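# A look at the structure
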Amino acid sequence: MSEPGSARRTAAGSLKTYANDTVTLAIREDWCKAEGCEICVEVCAPKSLAIDDRGKAVIVDIDSCSKCLRCEVMCPDFAITLQ
Ligand code: SF4
Ligand code: SF4
């Protein structure tokens, strides 16, 4: 799957990693509680995150991520990690 800009996406099991030259953000999809929780989407001001058709959090635009860490801090299931 192609990603916009310089974004790279890799997957290992349920761990999805999104990266560009300045940010690497990993989502542990089996820890994401799926439908019913959109906390990370709601706290992401640049709208870098969305919920996909499986009900899982995904990055839709890594280049807009400001590394504010709100999603990592606010996720109740520790599913998001920034580097
Ligand atoms: S806040 Fe965590 S559990 Fe909730 S949708 Fe986002 S990644 Fe999933
Ligand atoms: S670190 Fe901030 S800007 Fe980046 S995806 Fe998380 S909430 Fe959005």
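Residues numbered from 1 in each chain as written. Chains lettered and ligands numbered in written order. Predicted model: local features only at pLDDT ≥ 70, side-chain atom pairs only at ≥ 80, totals over all residues.

## Here's the deal with the site of ligand 1
Close to ligand 1 lie Cys32, Lys33, Cys37, Glu38, Ile39, Cys40, Ala57, Cys75, Asp77, Ala79 and Ile80, which account for all nearby residues. Tallied by class, the residues present in the shell around ligand 1 amount to eight nonpolar, no polar and three charged. (Near = placed C-beta within 6 Å. Nonpolar A, V, L, I, M, F, W, Y, C, P; charged D, E, K, R; others polar.)

## Here's the deal with the sheet that holds strand 1 (residues 8-12)
Overall, antiparallel pairing links the four strands, which are arranged 1-2-3-6 in an open sheet. The sheet is open, and its two borders are formed by strand 1 and strand 6 (80-82), each paired with just one other strand. In this sheet, adjacent strand axes meet at a mean angle of 15° when their direction is disregarded. (Pairing = 2+ DSSP bridges. Helix = DSSP H or I, 4+ residues; strand = E, 2+ residues; numbered from the N terminus. Axes fitted to C-alpha atoms, helices over the stretch in contact; angles between N-to-C directions.)

## Observations concerning the pairing of strand 2 (residues 15-19)
Inspection of the sheet shows strand 1 paired to strand 2 by five bridges, in the antiparallel sense. Within strand 2, the position partnered with Ala11 by the bridge is Lys16. Taking the residues between adjacent antiparallel strands as the criterion, strand 1 and strand 2 are bridged by two residues, where Gly13 takes a positive phi near 65°. Summarising the sheet, strand 2 and strand 3 (residues 24-28) pair through five bridges and their orientation is antiparallel. The residue of strand 3 that forms the bridge with Thr17 is Ala26. Where strand 2 folds back onto strand 3 in an antiparallel hairpin, the turn is made up of four residues.

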